[in-house]
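Commentary on secondary and tertiary structure
Each chain is listed here by its residues.
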Amino acid sequence: MGKSIMALSETVKSALRDAQEDLKNALACSARTEKSFVSKNIADMLAQIDNLIDASEMLEKIENRKDGDSGFFGTFFNGDLK
């Protein structure tokens, strides 16, 4: 089997969520005083943090899947579809 993928630690997730709170505050301020491209880029950063956390969790589920286990993904990985 390939390299083991480890989920983000709770410490890292917590730090990322804290960063999101700060970015949300920055977004609220920028919406009132800055050009729209500033707000757009702050919103993109917020989305990228969500994507990082979600992708890490998804990869861990795939990596830890047992043979024959349909689990969260149904029959997609079982080869049952023809």
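Notes on the structure in this doc start here.

Definitions and cut-offs
- Here the residue index of a chain counts from 1 through its sequence in written order.
- For a predicted model such as this one, the threshold for reporting local features is a pLDDT of at least 70, and the threshold for listing and counting side-chain atom pairs is 80 or more; totals across whole chains, interfaces and linings nevertheless cover every residue.
- Only hydrogens and water are set aside when side-chain values are computed; all heavy atoms of the structure are taken into account.
- Each salt bridge in this description consists of a side-chain nitrogen of Lys or Arg and a carboxyl oxygen of Asp or Glu lying within 4 Å of one another.
- Secondary structure elements follow DSSP: runs of H or I of four or more residues count as helices, runs of E of two or more count as strands, with numbering from the N terminus.
- We call a residue buried when its accessible area falls under 20% of the maximum for its residue type, exposed when it is over 50%, and partly exposed in between, using a 1.4 Å probe and counting protein chains only.
- By this rule, a helix spans an expected 1.5 Å times one less than how many residues it contains.
- Two residues qualify as a contact provided that any one of their heavy atoms is within 4.5 Å of a heavy atom in the partner residue.
- We define the nonpolar core as a collection of buried residues of types Ala, Val, Leu, Ile, Met, Phe, Trp, Tyr and Cys that are connected through side-chain atoms lying within 4.5 Å of one another.

Let us look at the pattern of salt bridges. Using the criterion set out here, one finds five salt bridges in the structure. We note a salt bridge from lysine 24 to glutamate 21, for which the minimum N-O separation is 3.6 Å. Here glutamate 21 and lysine 24 lie together in helix α1 (residues 10–33), a separation of three residues that amounts to about one turn. Taking the relative accessible area as the measure of exposure, glutamate 21 reaches 44% and is therefore partly exposed. One continuous salt-bridge network, built from bridges that share partners, spans Glu10, Lys13 and Glu57.

Take helix α2 (residues 36–63) next. A rise of 1.5 Å per residue sets the reference length of α2, with its 28 residues, at 40 Å; its end C-alpha atoms lie 40 Å apart and thus fit the reference within 8%. Of the surrounding elements, those touching the buried residues of α2 are α1.

In this model, α1 (24 residues) spans 35 Å end to end at C-alpha, consistent with the 34 Å of a helix rising 1.5 Å per residue. Along α1, the positions that sit buried rather than exposed are Lys13, Leu16, Gln20, Leu23 and Ser30. Buried residues belonging to α1 abut α2.

Ranked by size, the top nonpolar core spans six residues in total: Leu16, Leu23, Ile42, Leu46, Ile49 and Ile53. Elements with a contribution of two residues or more to this core: α1 and α2. In terms of residue count, α2 provides more of this core than any other element does, four residues in total. Setting aside anything within four residues of it in sequence, one finds leucine 46 in contact with Gln20, Leu23, Lys24 and Leu27.

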